[in-house]
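Examination of the molecular architecture
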Amino acid sequence: MREREFGVCVQALRHPAGLGRQDLVDQIVFHLVEGEIGEQHQRGHEHGDGPGQGPDDGIIDRIRPLKQTNFVPTLIRATNDLYLLSSAATHPEYAASGGARTLSDEGRAALRREYGLGAWTVSGALYGASREAVEPQLERVARHFLALGKGRRIPLDEAERIGPLHIAINSNTGVPTDSELKMLGWRPGGGAIWLSAGSPVVGEVVNGFQRKARRICEDHGLEYLLSNVCGARFARSVHAILYNREDAAETARADACYRALGELFASSGVFVGRAPTMYHGFHQAQRMPEFVRACSSIKAALDPNGVIAPGKYGIE
């Protein structure tokens, strides 16, 4: 048992092939056996959706009441398979296309089978003085997700042997980890651009963004990697664009992909937060001129000499 000042942390893990639970004493992961859950699964593979690539409205809509009631006090992350797999594997088809094509559905499914992952993984945490104290809450969360009808439990010792799950396992324990840095090994060259957009925690809305964002990534020959960090009403959708920064053409595609994603969200009234420094001006130009002027006026009043983070977020 690893003790923390807040007592025992019990972390819930789940994917559509996997919901899971981990505490600092024990962990159980629940897997959904195959494919998407929710609207995309019911309607079929529109836009060529393969396992792990389609919308997850069944999950998002299950997360919402857990957060609105604060039954799960931490943020809950709904993470797609490649976001996790990229931390433990390398792109198996990269050499065949020179990185020009995204991973095929067949290649993606093979990686999922190899690592025992499903389409999505959801993680959160419950805290209590002992495992016995939080067990009823854990069981309630488990039943809540298993009602989707496609789950199985994975014991702690098995979950800890699944390398890609370490991102989810470590997310709520407060233990420093390099799990997400390992994603840089997915493609040669170690390039990554992170885009964090927002969305209400509503399955229909989240799914609409996912369909369009995934199509943009595929059109640029890049994989669609997403982790939705969900609060009670707002989800921060973290997109990872992994590319070979030593390849000029691939770097240009990654840049174009980021800008296309930024335009997608801006056109829907959604702003990208925590943008990389090189894109601050790009996002500032998407804002209303009145807002830009207001930001500049406030900055000038508080920092007349312009010494505090000049140009940050595009504010001059």
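My aim in this report is to walk through the structure given alongside it, one point at a time. Keep in mind the model is a prediction, meaning the values are calculated, not measured.

1. Structural notes on the overall build of the protein
From N to C terminus, the protein includes 12 helices and 10 strands. For the protein, long-range pairs separated by at least 24 residues make up 70% of all intrachain contacts whose partners lie at least 6 apart in sequence. Surface summary for the protein: the accessible area is close to 13,800 Å², and the carbon and sulfur share equals 55%.

2. What about the packing of aromatic side chains?
One pair of aromatic rings is described through two measures. These are the centre distance and the angle between the planes. One pass over the structure, following the stated rule, counts 5 aromatic pairs. Summarising the aromatic geometry, the rings of Tyr83 and Trp194 are spaced 6.2 Å apart at their centres and angled 65° between planes, so their arrangement reads as edge-to-face. Placement of the pair is Tyr83 in helix α3 (residues 81-85) and Trp194 in strand β7 (residues 191-200), with a sequence separation of 111 residues. Note on Trp194: relative accessible area 32%, which makes it partly exposed.

3. Observations concerning the pairing of β7
Regular strands have side chains that alternate between both faces of the sheet. Most of β7 sits inside the fold, with 7 of its 10 residues counted as buried. For β7 and strand β9 (residues 234-243), the ladder comprises 10 bridges, and the chain directions are antiparallel. Residue pairing for β9: Ala197 is matched across the bridge by Ser237. Relative to strand β10 (residues 272-273), β7 runs antiparallel, the two sharing 2 bridges. The residue of β10 that forms the bridge with Ser196 is Gly273.

4. Side note on the pattern of salt bridges
In this structure the tally under the stated criterion is 10 salt bridges. Measuring nitrogen to oxygen at the nearest pair gives 2.6 Å for the salt bridge that ties Arg108 to Asp81. Taken as a pair, Arg108 in helix α5 (residues 105-115) and Asp81 in helix α3 lie far apart in primary sequence, 27 residues in all. The pair formed by Arg108 and Asp81 is uniform in burial state, with each residue classed as buried.

5. Digging into unusual backbone geometry
The phi dihedral of Asn70 falls on the positive side, at around 60°, and the residue is not glycine. Relative to the helices and strands, Asn70 resides in the loop between α2 (57-68) and β4 (76-80). Residue classification places Asn70 among the partly exposed residues on the basis of a relative accessible area of 46%. For Ala309, which is not glycine, the phi dihedral falls at a positive 40°. Relative to the assigned elements, Ala309 resides in the segment after α12 (289-302). For Ala309, a relative accessible area of 39% gives the class partly exposed.

6. Quick look at the pairing of strand β5 (residues 120-128)
Among the 9 residues of β5, 8 are classified as buried, and the element is accordingly described as predominantly covered. The pairing of β4 with β5 spans 4 bridges and is antiparallel. Paired with Asn80 across the strands is Trp120, a residue of β5.

7. Digging into empty space enclosed by the protein
Going through the model one piece at a time under the given rule, you end up with 4 cavities of 30 Å³ or more. The computed volume of the largest cavity comes to approximately 50 Å³. Along the walls of the largest cavity sit Ser199, Val206, Phe209, Gln210, Tyr224, Leu226, Asn228, Ser237, His239 and Phe265, which together make up its complete lining. Only α9 (203-219), β8 (225-230) and β9 provide two or more residues apiece to the lining of the largest cavity. Here the lining of the largest cavity gets 3 residues from one element, more than from any other, and that element is α9.

8. Some details on α5
Buried within α5 are the following residues: Gly107, Arg108, Ala109, Leu111, Arg112 and Tyr115. In this fold, the buried residues of α5 make contact with β4 and α3. Looking one or two places after α5, you find Gly116, whose phi comes out positive at around 70°.

9. A short note on the nonpolar core
Membership of the largest hydrophobic core comes to 43 residues, with the highest contact counts inside it found for Ile63, Ile241, Tyr258 and Leu261. In terms of residues, this core owes the most to one element, helix α10 (residues 248-267), which gives 6 residues. Apart from the residues lying within four places of it in its own chain, the contact partners of Ile63 are Ile76, Ala78, Val122, Phe145 and Cys230. One finds Leu85, Ala159, Ile167 and Leu242 within the second-largest nonpolar core, a separate group that totals 21 residues.

10. With respect to α10
Note on helix geometry: an α-helix contains 3.6 residues per turn, so any two residues three or four positions apart are oriented the same way. Between its terminal C-alpha atoms α10 stretches 28 Å, which fits the 28 Å expected from 20 residues at 1.5 Å a residue. The complete set of buried residues in α10 reads Glu250, Ala254, Cys257, Tyr258, Leu261, Gly262, Leu264 and Phe265. All buried residues of α10 project into a common sector of 160° when viewed along the axis, lining one side. Exposed side of α10, more than 90 degrees from the buried face: Ala248, Ala249 and Ser267 are the residues found there.

Cut-offs and rules
- Residues numbered from 1 in each chain as written.
- Predicted model: local features only at pLDDT ≥ 70, side-chain atom pairs only at ≥ 80, totals over all residues.
- Heavy atoms only, no water.
- Helix = DSSP H or I, 4+ residues; strand = E, 2+ residues; numbered from the N terminus.
- Contact = heavy atoms within 4.5 Å.
- Areas by Shrake-Rupley, 256 points an atom, 1.4 Å probe, with all protein chains shown as cover.
- Phe/Tyr/Trp six-rings, centres within 6.5 Å; stacked < 30°, edge-to-face > 60°.
- Buried < 20%, exposed > 50% of the residue type's maximum accessible area, 1.4 Å probe, protein only.
- Pairing = 2+ DSSP bridges.
- Salt bridge = Lys/Arg side-chain N within 4 Å of Asp/Glu carboxyl O.
- 1 Å grid on protein atoms, 1.4 Å probe; cavity = no way out; pocket = protein on both sides within 12 Å on 5 of 7 lines; lining within 4 Å.
- Points joined across faces, edges and corners; volume = space filled by probe spheres on them.
- Core = buried A, V, L, I, M, F, W, Y, C linked by side-chain atoms within 4.5 Å.
- Expected span 1.5 Å × (residues − 1).
- Arc of directions from axis to C-beta.

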